[in-house]
Amino acid sequence: MEPKDREQLGCRRKNLLFLRPRLYMLERRNTDTAVDSMAAGDRAGPLRRSQSDRTEYGQRLQEKMTPQAECCAAESLTQEEEQRTQRMMTKRLRVIQELVQTERDYKHDLELCIREVVQPLRDKQVDGLDVDTFFSNIESVQQVSATLLSLLEEATTDVEPARQVIGDVFLQIKGPLEDVYKVYCYHHDEAHSVLESYEKEEELKWHLNHCLQSLKMIYIQEGKPNLLDMGSLLIKPIQRVMKYPLLLCQLRNSTPAWHPDARALEDACASLRDINVNINELKRRKDLVLKYKKSDEEESLKEKLSKLNIHSISKKSKRVTNHLKILTRGESQVKDSTFDREEKIFRSVEKMVRCCLRSTALCLQHMQDAMPLALRCVMQLRKIALSGDEEPGPPEGPQSPPNPWDDFAAQLQRQVLGPLGALLSLFSGPQKLIQKRYDKLLDYEGGAQGGLARREFEALNAQLVEELQVFNRAARGLLLSCLHSLLALLRALAGQARGLYLAPGGLQVPPSVPHISEIQSPVLEEVHSLGFVKDNSATFIERKLSFEKKKPAQMLPETRPQTDTHRSRLLSVYSAGELYQAKRRCNATQEQDIPLLEGELVAVLEQKDPLGSSSRWLVDTGVAKGYVYACFLRPYDPARSRFCDNDDDFENISLFVSSRPAGDSGTDSGTGDPSSSLGGTRGKSESSGDAEGFQEVEEQPGNLTVSLNAAAVRTPTVGFPLRLTPSRPAQIFYAVHAFEARSAQELSLQEYQRVHVLRLCDLSGNEQWWLAEAQGQKGYVPASYLRRMTYA
Amino acid sequence: MSWIPFKIGQPKKQIVPKTVERDFEREYGKLQQLEEQTKRLQKDMKKSADADLAMSKSAVKISLDLLSNPLCEQDQDFLNMVTALDTAMKRMDAFNQEKVNQIQKTVIEPLKKFGSVFPSLNMAVKRREQALQDYRRLQAKVEKYEEKEKTGPVLAKLHQAREELRPVRDDFEAKNKQLLDEMPRFYSSRLDYFQPSFESLIRAQVVYYSEMHKIFGDLTQQLDQPGHSDEQRERENEAKLSELRALSIVADD
């Protein structure tokens, strides 16, 4: 045994070192049995001598048999029985030899495989070739095999056949054996599918074949040309582990009951079978899990429908009834408290991860909004508060301030959100399986398919319980670690932000809050005492007040309505041609104007005002004499006088005239310009929409309401002089400056060119552009370029 | 006001000296810019305050969500962690609230007060503009009559126009002078006015972040096992994730 041992590889030696205490134990145990058998042998002394021609095995056998033989005389042991035991022992020897030999071959195969295939592939590091999934833990398998072989050899070499105890060897190694093979078998399926995918790719296939060829060469040299392909290489360990129970069973059958190995073999056989069952179960569970995990994914509606047959429907309906039963009965019969606990934890963890992810992301978003904004505010205020008249050069202020939050966001993404997101995506698989487990539970309780449902349920349950614990532990750990990261990041962020704010300020002990108002209020007072502020804010308020007060006050003195006596006097004094009627109510806007109410009768004394303008006429109302705009008047027609109210479209004329700014009309009247009303409109349009324009209106409280609509009705009102008197020279203007048309809609003008203005605004109502006609062409021209032709 | 391109060629006698007009434009321009700045700042400050509040609310929500999770009842480690986090977040929220209040009092309100002066200024400028227009128009009228033949009615009108012109001109000049005088004063007052606000704003932020830093620093020290570096943590996370992915119950696609 010793020289053989030295031949082994280094790894094996290490292994043996590790196993040394065990080996000692084994030796001790062997000697114990030897002592026993020696004692038995002493008593069997004479018999042994009498059968000295027998083989050593026979003698050993006899030793075991002797206690009885001694008592009941040697003759009772028949020749036949002896022969049978002898046959058994021979067979046993053969089986043991086979066992050792095959184990040796197996180990050799594995070594070759590792040396010729696994190591080269690993060294090459071919892209896309995952050696680890491919061969999984084949090295550990080889080690276990080597250990087993050494133990077997130790147990058989130089030990008398009757004392060879094989069962113990297997019992000793069963722990590591199970662990190692479980892993290997567990991954074999994957390895197989990976192999299939590799064979589709030329390059990888070439690499694999290359290694395989060298391996084949070796095999052929050794005279064992039975290697087929990669698959057969991969499946070898599985075949081997399945072989163990068979061999042990054979060994047990050929071991006489008195043999010290019998009992151990029995145990070993059972445990090896258990190992196989466990491995099988593990694989089955995995398959089951994979089946159900996949079941809902990547399945189209069509496939789902196609699966919907009588069987599945009845299954589903049974589940529903069972579910109802459980609901009504309260407790389920089958309970697994570990699973329940783990499931609860699982769900809590999931919820927690989800919450945490969502609110952290939200918080991050808010932070990204808030923090740059806050900094920008500081920068703005700094610009306002600190800059002198000349803008300070950019280098002074941190032009592109370092952005701690960008960094923070990236870190947060990497350390918190990323892992949490990844974690969250892992929850769906177990969830599906938990659901499936419940379904199976219902099947099981319903007793639908009895054994199958139960086995499936148990497999699923076992797998879930086992893995959920791992899952929960890891997920919790991850979550905790993420929270730690979050805290650390927040802390770092706060530190950086503080540094950022400290830098531009460079401030000492800043004043406290009341102090600030103490500093600021005198400044503000000073500002308020500035002339323009005082004037304008004061007038502003005054106007507001006057607006409210004047309204009733102004109405009274100015409206002295015409009475019938006045009317009849006018009718009698003036001729019908001189009589006119007010179409609308009009207010006095200038000195010497008189207000008129709608329908009031007036006699026109003169069809112009003192400055020669024909737009204002001197009239007599019977009450007083004064000026009135001609456009408010129409010739008096006694027949129509009753229905005079609603005959015109210039509903709001009064409003636009009366709302003219007082200053404007004053100057207009000076020029005697007949288009003063237009000027008024323009002036107003320029200022309308701002506070000033509004206040002008306020001075005529009576018309406030209508004037608010002024913008809406401006177009018709502007157009009225043209329509009223189409041939008036009022529409003839001349160009003050030359204007060059920039588009087809515009009209080119030369200086002093005469134009007819057709409309005093453009299509959108803009009064800065008028529609004009000159030399048969029409187009828009800027109003400010035109002046009215006067005949002075 | 509009149609600036057309104004260029307008024949007009310069009644206001160009330099005066330029000074005025410059001063008013600066003030307009200032108004624009304060308006924008005011808006931004408000937005910023809202955003700050939203931020701390969402931060508090993280810990509240966690605290309400049933897992906390089962797991002492978690409970400790989450309660500590919750306390920290609430304190942060309180500090944030205080910061926002402080800023409101020392920055936003003064801004508002300062901003309320601008309408008066604008109105004053508008009035000046109007007065100027009137002045121009009347001036033009006077000139027109001066050029004309000096007949009786023309002389009467000239006289009338001159009479009208005088108060308008005085009015304009008074307004112009006042504004030219006062606008720079107003403009420079902003320095004294906003300096304390600025300092207060900086102070509020610095205090806030110092507190945050302290709170979270204490917390990490209280919770953390010997300080893990970021890389370590990342590696651990990665290891945990791959451990999870290796489970057969986890869909690995």
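The structure presented is a predicted model; accordingly, all values stated were derived computationally and were not measured.

## Some details on the overall build of chain B
Within chain B one finds seven helices and zero strands. Taken from N to C terminus, the helices and strands of chain B fall in the order α-α-α-α-α-α-α. Sequence separation of at least 24 residues holds for 80% of the intrachain contacts in chain B that already meet a minimum separation of 6.

## Digging into the overall build of chain A
Along its length, chain A carries 26 helices and ten strands. Looking at chain A as a whole, 47% of its 792 residues are labelled buried. Taking the contacts inside chain A whose residues are at least 6 apart along the sequence as the reference set, 69% of them involve residues at least 24 apart. When the accessible surface of chain A is summed, it comes to about 40,300 Å², and 54% of that surface belongs to carbon and sulfur atoms.

## A few points about the pattern of salt bridges
All names here are of chain B. Across all of its chains, the model carries 30 salt bridges over all chains by this definition. Among the ionic pairs, Lys 175 bridges to Asp 171, the shortest N-O distance being 3.1 Å. Highlighted residues: Lys 175 and Asp 171, both in helix H6 (residues 152-223), separated by four residues, approximately one helical turn. Among the residues examined, Lys 175 registers a relative accessible area of 22% and is labelled partly exposed.

## Concerning the pairing of strand S6 (residues 732-735) of chain A
The pairing of S6(A) with strand S7 (residues 754-759) of chain A spans three bridges and is antiparallel. The residue of S7(A) that forms the bridge with A:Phe733 is A:Val755.

## Some details on the side chain of B:Arg128
Within the fold, B:Arg128 resides in helix H5 (residues 117-147). When near neighbours in sequence (up to four residues on either side) are disregarded, B:Arg128 contacts B:Glu21, B:Phe24, B:Phe172, B:Lys175, B:Asn176 and B:Leu179.

## Brief notes about the side chain of A:Glu350
Residues and elements named next belong to chain A. For Glu 350, the position within the fold is in helix H14 (residues 337-386). Accessibility expressed as a relative area gives 9% for Glu 350, which makes it buried. Apart from residues no more than four positions distant in its own chain, Glu 350 is found in contact with Leu 424, Phe 427 and Gln 431.

## What to know about the interface of chain A and chain B
The parts lose accessible area when they come together, and the size of an interface is often stated as this lost area. At the junction of the two partners, chain A supplies 114 residues and chain B supplies 110 residues. Between chain A and chain B the total buried area reaches about 10,400 Å² when both faces are included, carbon and sulfur atoms providing 68% of it. On the surface where chain A and chain B come into contact, there are one salt bridge. Between the two partners, chain A and chain B, sit four residue pairs in polar contact (both at pLDDT 80 or more).

## A few points about the environment of B:Glu146
Residue and element names in this part refer to chain B. By secondary structure assignment, the location of Glu 146 is in helix H5. On the basis of relative accessibility, which here comes to 34%, the residue Glu 146 falls in the partly exposed class. Ignoring anything within four residues of it in the chain, the contact list for Glu 146 reads Leu 158 and Arg 162. Among the polar contacts made by the side chain of Glu 146, one reaches the side chain of Arg 162 at a distance of 2.4 Å.

## Structural notes on the sheet that holds S7(A)
The pairing of strands in a sheet happens through backbone hydrogen bonds and is either parallel or antiparallel. Residue and element names in this part refer to chain A. Ordered in space as S9-S8-S7-S6-S10, the five strands form an open sheet in which the pairing is antiparallel. A single partner strand is all that each edge strand has here, and the edge strands are strand S9 (777-782) and strand S10 (786-788). Geometrically, the sheet is characterised by an average inter-axis angle of 45° between neighbouring strands, direction not taken into account.

## Brief notes about the sheet that holds strand S5 (residues 633-635) of chain A
Residue and element names in this part refer to chain A. Judged by pairing direction, the sheet is antiparallel, and its five strands sit side by side in the order S4-S3-S2-S1-S5 without closing on themselves. The sheet is open, and its two edges are formed by strand S4 (625-629) and S5, each paired on a single side. The average undirected angle you get between the axes of adjacent strands in this sheet is 50°. Taken together, the three bridges between strand S1 (residues 579-582) and strand S2 (residues 601-606) define a ladder with antiparallel strand orientation. Bridge assignment links Tyr 580 to a residue of S2, and that residue is Val 602. Against the sheet, helix H20 (residues 564-573) engages S1, S2 and strand S3 (616-620), with an angle of about 45° to S2.

## Remarks on unusual backbone geometry
In this model, A:Tyr752 sits at a positive phi of 65°, which is unusual for a non-glycine residue. Residue position: A:Tyr752 is located in the loop between S6 and S7.

## Focus: the UniProt feature "coiled-coil region" (unreviewed entry) in chain B
Residues and elements named next belong to chain B. Residues annotated in UniProt with the feature "coiled-coil region" (unreviewed entry) correspond here to residues 24-51 and 121-148. With 100% helix and 0% strand, residues 24-51 has its two end C-alpha atoms placed 40 Å apart. Secondary structure content for residues 121-148 is 96% helix and 0% strand, while the C-alpha to C-alpha distance between its ends is 40 Å.

## Let's talk about the packing of helix H5 (residues 79-124) of chain A against helix H7 (residues 138-156) of chain A
Residues and elements named next belong to chain A. Relative orientation of the contacting elements H5 and H7 amounts to 150°, with a least axis distance of 9 Å. Considered as vectors, H5 and H7 are oriented roughly antiparallel to each other. The two elements H5 and H7 meet at a crossing, and its hand is left-handed. Here the contact of H5 with H7 is composed, by residue class, of 14 nonpolar, four polar and seven charged.

## A word on the nonpolar core
The biggest cluster of nonpolar side chains holds 117 residues, and the ones touching the most others in it are A:Leu420, A:Leu423, A:Phe471, B:Met45, B:Leu121, B:Phe186 and B:Phe216. With 22 residues, helix H17 (residues 451-505) of chain A is the single largest residue contributor to this core. If you look at the next biggest cluster of nonpolar residues, it comprises 60 residues, including A:Val169, A:Phe170, A:Leu177 and A:Leu195.

## Here's the deal with the packing of aromatic side chains
Residue and element names in this part refer to chain B. This model, assessed by the stated rule, comprises 18 aromatic pairs over all chains. Judged by centre distance (5.1 Å) and plane angle (25°), the ring pair of Phe 114 and Tyr 193 falls under stacked. Taken together, the residues Phe 114 in helix H4 (residues 76-115) and Tyr 193 in helix H6 connect sequence positions 79 residues apart. With a relative accessible area of 0%, Phe 114 lands in the buried category. Accessibility expressed as a relative area gives 1% for Tyr 193, which makes it buried. For the pair Tyr 135 and Phe 172, a centre-to-centre distance of 5.6 Å together with 35° between the ring planes defines the contact as tilted. Placement of the pair is Tyr 135 in helix H5 and Phe 172 in helix H6, with a sequence separation of 37 residues.

About the thresholds
Residues numbered from 1 in each chain as written. Chains lettered and ligands numbered in written order. Predicted model: local features only at pLDDT ≥ 70, side-chain atom pairs only at ≥ 80, totals over all residues. Heavy atoms only, no water. Helix = DSSP H or I, 4+ residues; strand = E, 2+ residues; numbered from the N terminus. Contact = heavy atoms within 4.5 Å. Buried < 20%, exposed > 50% of the residue type's maximum accessible area, 1.4 Å probe, protein only. Areas by Shrake-Rupley, 256 points an atom, 1.4 Å probe, with all protein chains shown as cover. Salt bridge = Lys/Arg side-chain N within 4 Å of Asp/Glu carboxyl O. Pairing = 2+ DSSP bridges. Buried area = accessible area lost by both parts, 1.4 Å probe. Polar contact = N/O pair within 3.5 Å; in protein donor to acceptor, adjacent residues only side chain to side chain. Axes fitted to C-alpha atoms, helices over the stretch in contact; angles between N-to-C directions. UniProt positions renumbered as here; feature names shortened; annotations may be inferred. Parallel < 35°, antiparallel > 145°, perpendicular 65-115°, else oblique. Left-handed = near helix turned anticlockwise from the far one by under 90°. Nonpolar A, V, L, I, M, F, W, Y, C, P; charged D, E, K, R; others polar. Core = buried A, V, L, I, M, F, W, Y, C linked by side-chain atoms within 4.5 Å. Phe/Tyr/Trp six-rings, centres within 6.5 Å; stacked < 30°, edge-to-face > 60°.

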